[in-house]
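Structure at a glance
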Amino acid sequence: MSSVRNPSRMATIALTALAPVSWGSTYAVTTQFLPADRPLFTGMMRALPAGLALLAVTRRLPRGEWWWKAGVLGALNIGAFFPLLFLSAYRLPGGMAAVIGSVGPLWVAGLAALFLGEKPTLRTLLTGIAAALGVSLVVLRAAGALDTVGVLAGVASSASMAAGTVFTKRWGRPEGVGPLVLTGWQLTAGGLLIAPIAFLAEGAPPALDGRNLVGYLYLALVNTAVAYWLWFRGIGRLTATSVTFLGPLSPLTAAVIGWAALGQSLAPLQLVGMAIAFGATLAGQWTPRGKARTRTVATSFTSPEGIDQKDSMDLTVPVVRR
């Protein structure tokens with residue numbers, strides 16, 4: 001039986017998918033609720049408060065080599081990714097800013113081959129191309145609004161997130177540490193990296209009104225603390241390629257929000273693109289029979305409430321037929 005039919009795995013996929021669905025709302029929140037032209041400050045406000053809150057709840061700091069590992073992961077997943085993402089969001093239409101992330105599966109396929117030994121298959125590459133094509137069709141009509149800096153920032157943010165996904169999978173978590181703790185480390189490290197750059201490049205923080213505060217509160221709690229916890233939890237239980245194929249759900253969500261809340265229309269060709277991208281997302285979760293086997297490893301960790309728990313981690317081990 002294909003491992004996609006494993007109920008436990010399907011539940012993990014469904015929960016992990018909530019992260020990119022949440023991220024799809026970033027573009028609408030950025031343009032409708034946040035101060036204009038402050039991508040670095042916005043990235044810091046999204047990461048640092050969430051990271052410090054998780055550190056306060058979990059009360060666990062890195063040890064040994066995990067100081068620099070958490071720093072590297074925080075830089076890739078947060079410190080570089082957030083400012084580039086928001087720069088892209090400010091300079092491009094919502095759907096176009098989101099579409100750049102659709103190349104994530106191709107980035108991850110290449111990096112996973114180098115660092116994880118996950119040899120990309122022809123099906124994986126074709127599925128990745130289909131995902132990028134489908135999402136591109138969704139934003140086809142926005143092609144005339146392209147901005148070079150915005151596009152480059154989007155590509156760089158996608159590459160940074162892909163590298164962070166692969167190295168999060170490669171390094172795993174230290175013994176006795178759950179995904180919530182790892183999320184707090186990375187968000188704090190990334191936020192601290194962004195903070196001095198934000199003040200040097202953008203000056204003093206802007207005056208914030210109630211609408212701005214609501215936007216930042218949503219980004220920090222729902223869009224970041226909860227979403228990244230689900231994402232890193234998923235990376236620990238699924239293959240890197242499987243996780244990143246959930247990424248197209250972000251631009252699809254952005255397109256739906258743009259239609260439902262911002263008055264943007266969806267042409268028939270865009271609906272076809274959404275169907276292609278969603279189909280590629282589903283195909284990216286399918287593992288052929290005999291190609292992989294899954295084993296469960298029980299690792300203990302202490303919950304935020306101080307109760308020892310068991311975290312079952314599904315590790316999919318590729319089986320290469322020679």
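The structure reproduced in this document is the subject of the present report. Values in this document were obtained by computation on a predicted structure and should not be read as measured data.

Re the overall build of the protein
Within the protein, the regular secondary structure consists of 14 helices and 2 strands. For the protein, contacts bridging at least 24 residues in sequence account for 85% of all contacts bridging at least 6. Just so you have it, the protein exposes about 14400 Å², and 67% of that area is on carbon and sulfur atoms.

A few points about the packing of helix α2 (residues 26–33) against helix α11 (residues 210–237)
Between α2 and α11, the least distance of the axes is 9 Å, while the angle of their chain directions is 160°. If you check the angle between α2 and α11, you find them roughly antiparallel. For the pair α2 and α11, the sense of crossing is left-handed. In contact with T26, V29, Q32 and F33 of α2, α11 contributes R211, N212, G215, Y218, L219 and N223.

Section: helix α13 (residues 249–261)
Helix length check: α13 (13 residues) gives 17 Å between terminal C-alpha atoms against 18 Å at 1.5 Å per residue, within 8%. Of all the residues in α13, the buried ones are L249, S250, P251, L252, T253, A254, A255 and G258. Downstream of α13 by a residue or two, G263 has a phi angle that is positive, lying close to 75°.

Quick look at a nonpolar patch on the surface
Taken together, the side chains of L106, L122, L125, L126 and I129 define a hydrophobic patch exposed on the protein surface, amounting to about 460 Å² of accessible area. When residues in the nonpolar patch are grouped by element, the largest group, 4 residues, is from helix α8 (residues 122–138). Of note, I129 is situated in helix α8.

Structural notes on α8
Under the 1.5 Å per step criterion, the end-to-end length of α8 is 24 Å for 17 residues, consistent within 8% with the ideal 24 Å. Of all the residues in α8, the buried ones are T124, T127, G128, A131, A132, G134, V135, L137 and V138.

Observations regarding the nonpolar core
With 38 residues, the main nonpolar core has W23, F82, Y228 and W231 as its most contacted residues. For this core, the elements supplying multiple residues, two or more each, are α1 (7–23), α2, α3 (39–58), α5 (81–91), α10 (179–202), α11 and α13. Top element by residues in this core is α11. It accounts for 9 residues. Apart from the residues within four sequence positions on either side, Y228 is in contact with W23, R46, N77, I78, F81, F82, M161, T183 and N223. One finds L55, A70, L73 and F167 within the second-largest nonpolar core, a separate group that totals 10 residues.

Observations concerning the side chain of K169
Along the polypeptide, K169 turns up in helix α9 (residues 148–171). As a buried residue without a salt bridge, K169 has its nearest oppositely charged side chain in E118, at a separation of 5.9 Å. Looking at K169, its side chain comes within polar contact range of the main-chain oxygen of I235, at 3.1 Å. Engagement of the side chain of K169 in a polar contact is seen with the backbone oxygen of L238, the distance being 2.8 Å.

Here we look at the packing of aromatic side chains
In the structure shown here, the tally under the stated rule is 10 aromatic pairs. Look at F167 and W171: their rings are 5.3 Å apart centre to centre, the planes differ by 45°, and that puts the pair in the tilted class. Taken together, the residues F167 and W171, both in helix α9 and 4 residues apart, mark about one turn of the helix. With a relative accessible area of 18%, F167 lands in the buried category. Among the aromatic side chains, those forming a connected cluster through ring pairs are W23, F81, F82, Y228, W231 and F232. Geometry around F33 places R211 over its ring, the cationic atom sitting 4.3 Å from the centre.

Brief notes about the environment of G172
By the element assignment, G172 lies in the loop between α9 and α10. With relative accessibility at 26%, the residue G172 sits in the partly exposed group. When the C-alpha atoms of G172 and F232 are compared, they prove to be 9.5 Å apart, with 60 residues separating the residues in sequence. Residues in contact with G172, not counting those within four places in the same chain, are W66 and L182.

Some words on the pattern of salt bridges
It is possible for side chains of opposite charge to pair when their charged atoms get near one another. Under the criterion given, the structure shown has 2 salt bridges. Notably, a salt bridge pairs E202 with R38, separated by 3.3 Å at the nearest N-O pair. Taken together, the positions of E202 in helix α10 and R38 in the loop between α2 and α3 put the pair 164 residues apart, joining distant regions of the chain. Residue classification places R38 among the buried residues on the basis of a relative accessible area of 12%. Salt-bridge contacts for K69 lead to E65; the nearest nitrogen and oxygen are separated by 3.1 Å.

Some words on unusual backbone geometry
With a phi close to 60°, D37 is a non-glycine residue in the positive phi region. Within the secondary structure, D37 sits in the loop between α2 and α3. Of note in the backbone geometry, R59 takes a positive phi value of approximately 50° without being a glycine. Its place among the elements puts R59 in the loop between α3 and α4 (66–79).

Criteria and cut-off values
Residue numbers here run from 1 along each chain, matching the order of that chain's written sequence. pLDDT decides what is reported in this predicted model: residues at 70 or higher carry local features, side-chain atom pairs at 80 or more are listed and counted, and totals for whole chains, interfaces and linings draw on all residues regardless. Excluding hydrogens and water, the side-chain values take into account all heavy atoms of the structure. Secondary structure elements follow DSSP: runs of H or I of four or more residues count as helices, runs of E of two or more count as strands, with numbering from the N terminus. Residues are treated as being in contact if the distance between any of their heavy atoms lies within 4.5 Å. Where accessible areas are quoted, they stem from the Shrake-Rupley method and a 1.4 Å probe; at the residue level, only the protein chains shown are allowed to cover. To define axes, lines are fitted to C-alpha atoms, for helices over the stretch in contact only, and angles between the resulting N-to-C directions are given on a 0 to 180 degree scale. Should an angle fall under 35 degrees it is called roughly parallel, over 145 degrees roughly antiparallel, and 65 to 115 degrees roughly perpendicular, with every other angle called oblique. What makes a crossing left-handed is the near helix being turned counterclockwise from the far one by less than a right angle; a clockwise turn instead makes it right-handed. Expected helix span is computed as 1.5 Å times (number of residues minus one). A simple rule labels every residue: compare its accessible area, found with a 1.4 Å probe on the protein chains alone, to the largest value its type can have, and call it buried under 20%, exposed over 50%, or partly exposed in between. Exposure above 30% relative accessible area and the lack of any salt bridge qualify a residue for a patch; like charges then connect within 9 Å, and the nonpolar side chains Val, Leu, Ile, Met, Phe, Trp and Tyr within 5 Å. We define a salt bridge as a contact between a side-chain nitrogen of Lys or Arg and a carboxyl oxygen of Asp or Glu at a distance within 4 Å. Buried Ala, Val, Leu, Ile, Met, Phe, Trp, Tyr and Cys residues form a nonpolar core when they are joined through side-chain atoms within 4.5 Å. We score Asp and Glu as negative and Lys and Arg as positive, and we do not count His or the chain ends. The definition of a polar contact used here is a pair of N or O atoms within 3.5 Å, where within protein one atom must be able to donate a hydrogen and the other to accept one, and adjacent residues in sequence count solely through side-chain atom pairs. Centres within 6.5 Å are what make two rings of Phe, Tyr or Trp a pair, Trp counting through its six-membered ring; a difference in plane orientation under 30 degrees is then read as stacked, over 60 as edge-to-face, and the rest as tilted. The criterion is that NZ of a Lys, or CZ of an Arg, lies within 6 Å of the ring centre and within 35 degrees of the ring normal, and then a charge sits over that ring.

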